[in-house]
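# Topology and contacts: notes
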Amino acid sequence: MEKEKISNFVLERYTGIVLTNAWGEQSFFYNPGRKLPRGVYFATLKDKDGENDRGSSLDREGVYRFNFGASKESYRRLFGEQPGRPPAGGVVETGHDFTQLNRILPHPVYGWMSWVCVLNPDSEVFESLLPLLDEAYALVVRKFEKRARS
């Protein structure tokens, strides 16, 4: 799948999502009515390595990574316990090859926060993500509601 197709899918399927281009990535925030300064992170599309995020070797031609947060329960079901937070510039210690294409993986940096990712998913793998994406959306809606009340 092309990056643009994923971006369009996210913006069409999930209401209240605001797209921001920042930090070398497309960031999707849940922020209906733009009530919060930025909103709550929902997902990102990243196509280049950053100073503290080189674990997926995104400097390869045409490689991008789609990232989003999962519930702790879903993360554990997929990968086991969350790893510890890596040092700056490091990756989480899970034993995964974070450069693999078309496979759901722990996020190389934010796996400790239950984030997951997939590099260059095909349509079938992306389709398999939909229950997790729907769950992630429900999580950010709840987080947003808490923050908006504060």
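In the block above lies the structure referred to throughout.
Residues numbered from 1 in each chain as written. Predicted model: local features only at pLDDT ≥ 70, side-chain atom pairs only at ≥ 80, totals over all residues. Heavy atoms only, no water.

### Some remarks on the packing of helix α1 (residues 3-13) against helix α3 (residues 123-149)
At a closest axis distance of 13 Å, the pairing of α1 and α3 adopts a crossing angle of 35°. Between α1 and α3 lies a crossing of right-handed hand. Counted together, Ile-6, Phe-9 and Arg-13 of α1 and Phe-126, Leu-130 and Asp-134 of α3 form the full contact between these two elements. Here the residues of the contact of α1 with α3 sort into four nonpolar, no polar and two charged. (Axes fitted to C-alpha atoms, helices over the stretch in contact; angles between N-to-C directions. Helix = DSSP H or I, 4+ residues; strand = E, 2+ residues; numbered from the N terminus. Left-handed = near helix turned anticlockwise from the far one by under 90°. Contact = heavy atoms within 4.5 Å. Nonpolar A, V, L, I, M, F, W, Y, C, P; charged D, E, K, R; others polar.)

### Here's the deal with unusual backbone geometry
Phi is positive for Arg-34, close to 50°, though the residue is something other than glycine. Owing to a relative accessible area of 60%, Arg-34 belongs among the exposed residues under this scheme. The phi dihedral of Asn-120 is positive, around 45°, even though this residue is not glycine. With respect to the helices and strands, the residue Asn-120 is situated in the loop between β6 (115-119) and α3. A relative accessible area of 22% means that Asn-120 is categorised as partly exposed. (Buried < 20%, exposed > 50% of the residue type's maximum accessible area, 1.4 Å probe, protein only.)

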